[in-house]
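Topology and contacts: notes
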Amino acid sequence: MSETLKIAVQKSGRLYEGSMKLLKECGIEVSNGNNQLRVKAANFPVEIFFLRDDDIPEYVQDAVADIGFVGENVVREKNKQVDPLEKLGFGKCRLSLAIPKNGTLKSVADLDGKKIATSYPVILRDYLREKNINASIHEISGSVEIAPRIGLADAICDLVSSGSTLFTNELMELEVLLQSESVLISNKKLTAEKKIILESLLFRIRSVKKARNNKYVLLNAPNDKLEKICSLLPGMRSPTILPLAESGWSSVHSVISEGDFWDIIEQLKANGAQGILIIPIEKMIL
Ligand code: PRT
Ligand code: ZN
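Residues numbered from 1 in each chain as written. Chains lettered and ligands numbered in written order. Predicted model: local features only at pLDDT ≥ 70, side-chain atom pairs only at ≥ 80, totals over all residues. Heavy atoms only, no water.

Thoughts on the site of ligand 1
Near ligand 1 there are 23 residues, and of these D54, N73, S162, G163 and T165 occur at the shortest range. Here an oxygen atom of ligand 1 and a side-chain polar atom of R52 are 2.8 Å apart. Side-chain polar atom of S164 to an oxygen atom of ligand 1: 3.2 Å apart, as the coordinates give it. For ligand 1, the protein covers 78% of the area, taking 840 Å² as the surface of the free molecule. In this structure the site holding ligand 1 corresponds to the largest pocket. Those elements that place two or more of their residues in the shell around ligand 1 are helix 3 (72–78), strand 9 (155–160) and helix 5 (164–168). (Near = heavy atom within 4 Å. Polar contact = N/O pair within 3.5 Å; in protein donor to acceptor, adjacent residues only side chain to side chain. Areas by Shrake-Rupley, 256 points an atom, 1.4 Å probe, with all protein chains shown as cover. 1 Å grid on protein atoms, 1.4 Å probe; cavity = no way out; pocket = protein on both sides within 12 Å on 5 of 7 lines; lining within 4 Å. Sits in = over half its atoms within 2 Å of the grid points. Helix = DSSP H or I, 4+ residues; strand = E, 2+ residues; numbered from the N terminus.)

Structure follows, in structure tokens:
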């Protein structure tokens, strides 16, 4: 193949680590040791462009990059012509309205006629229009959380993850406008050759995501409990059962999803499973 797929990744900031880790887990080796703007992968036909996250949707729309890893919050706010193809599972946060904890504002309706500071004027404007609230939007690019304290605004609309920034600034979350995580966005007119590379990358990304959401379980069980224990373990088809050297006992191997994990483990123990080992899965191809 002669073409390479150009991938836009945040140069530094909250999405950098997650993006590079995902590429690495997809077996794509890139080194950004010299703080370069662009770097080619050694073993896969992609080239990484390191950019500010705010610029990524526009660069992907304009085909400066073919695809990009960026927050859904930025994709919504910038409103460019790109295709969001796959959630990437990192950079999770929410865009929320927040108000002073001990102030007079109590509900979203109270924001009518008030001033709201945000770095997300487009999403906020759409939301206020939908709710029929006539508030003025004060756009600022950073430290939004201090706006009420310095008298710049009555409320804010900002990203929240742990909530500790709101807490420290004596603000409380009033309403979530958007749940966000990183997504892979694509240019709408990729060449056939680039689409093939993208499909191959998406296949790898999906395998990594599936593996992250599942765990490999190994346990020992008395043979008379095998039926019940196997019914608790779905596995990729069904659990694997191997006899132990000690008669009357078997080793059971299976895969369980992260979400069911604690529930299933407790039931396994209650049904006589012993020596339970939980092992991370590196890749999962179904
Ligand atoms: O330089 P560049 O423009 O590329 O970076 P940036 O400074 O604009 O972005 P950056 O690195 O701060 O965030 C990049 C992306 O990370 C965002 O667009 C979101 O998609 C995602 N993300 C996830 C977050 C957060 N969590 C987050 N908590 N982005 C920002 N925050 C900020 C928030 O604005 C607030 O100031 O963290 C503070 C709140 O965090 P908690 O944990 O105190 O609630
Ligand atoms: Zn930014």
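A closer look at the pattern of salt bridges
Within this structure, the stated rule accounts for 13 salt bridges. Among the ionic pairs, E25 bridges to R212, the shortest N-O distance being 2.7 Å. Taken together, the positions of E25 in helix 1 (residues 16–25) and R212 in helix 6 (residues 192–212) put the pair 187 residues apart, joining distant regions of the chain. Ionic pairing is found between K283 and E282, a salt bridge with its closest N-O pair at 3.5 Å. The partly exposed category is assigned to K283, whose relative accessible area is 37%. Within this structure, K21, E25 and R212 form a network of salt bridges that share partners. (Salt bridge = Lys/Arg side-chain N within 4 Å of Asp/Glu carboxyl O. Buried < 20%, exposed > 50% of the residue type's maximum accessible area, 1.4 Å probe, protein only.)

A short note on the environment of I278
Summarising the element assignment, I278 is placed in strand 15 (residues 274–280). Since its relative accessible area comes to 31%, I278 is described here as partly exposed. Residues within four places of I278 in sequence aside, it is in contact with K215, Y216, V217, F261 and I265. (Contact = heavy atoms within 4.5 Å.)

So, the coordination of the zinc ion (ligand 2)
Here the zinc ion (ligand 2) is held by D53 (OD) and D54 (OD), and the distances to it run 1.9 to 2.1 Å. Classification of the site at the zinc ion (ligand 2) as irregular follows from its 4 donor atoms and the range of 75 to 169 degrees in their angles at the metal. Of the residues examined, D53 reaches a relative accessible area of 18% and is grouped as buried. (Donors = N, O, S within 2.8 Å, 3.2 Å for Na, K, Ca; no water. Tetrahedral: all angles 85-135°; square planar, octahedral: opposite > 155°, others 65-115°.)

Quick word on the packing of helix 1 against helix 6
Packing of helix 1 against helix 6 leaves a shortest axis separation of 9 Å and a crossing angle of 100 degrees. As summarised for this structure, helix 1 and helix 6 are arranged roughly perpendicular, according to the angle between their axes. From helix 1, K21, L22 and E25 reach across to helix 6, where they touch I205, V208 and R212. Of the residues assigned to the contact of helix 1 with helix 6, the class counts are 3 nonpolar, no polar and 3 charged. (Axes fitted to C-alpha atoms, helices over the stretch in contact; angles between N-to-C directions. Parallel < 35°, antiparallel > 145°, perpendicular 65-115°, else oblique. Nonpolar A, V, L, I, M, F, W, Y, C, P; charged D, E, K, R; others polar.)

A closer look at the packing of aromatic side chains
Summed over all chains, the structure comprises 2 aromatic pairs. For the ring pair Y16 and F50, a centre distance of 6.2 Å and an interplane angle of 50 degrees mean the geometry is tilted. Linking Y16 in helix 1 with F50 in strand 3 (residues 46–51), this pair joins segments that are 34 residues apart in sequence. Judged by its relative accessible area of 1%, F50 falls in the buried class. On the numbers, 4.8 Å between centres and 80 degrees between planes, the contact of F261 with W262 is edge-to-face. Owing to a relative accessible area of 9%, F261 belongs among the buried residues under this scheme. A relative accessible area of 61% places W262 in the exposed class. (Phe/Tyr/Trp six-rings, centres within 6.5 Å; stacked < 30°, edge-to-face > 60°.)

Focus: the side chain of E181
Mapped onto the secondary structure, E181 falls in the loop between strand 10 (171–180) and strand 11 (182–186). For the buried E181, no salt bridge is present, and the opposite-charge side chain at shortest range is K92, 4.2 Å distant. Here the side chain of E181 touches G89 through a polar contact of 2.7 Å, landing on its backbone nitrogen. Excluding its chain neighbours within four sequence positions, the residues that come into contact with E181 are V70, G71, E72, K87, L88, G89, F90, G91 and K92. (Lys, Arg positive; Asp, Glu negative; His and termini not counted.)

Quick look at unusual backbone geometry
Here the phi dihedral of N79 falls at roughly 55 degrees; this positive angle occurs in a residue that is not glycine. Within the secondary structure, N79 sits in the loop between helix 3 and strand 5 (83–87). N79 sits in the exposed class, given a relative accessible area of 57%. For E170, which is not glycine, the phi torsion reads 55 degrees and is therefore positive. By the secondary structure assignment, E170 is in the loop between helix 5 and strand 10. Relative accessible area serves as the criterion here: at 54%, E170 is assigned to the exposed category.

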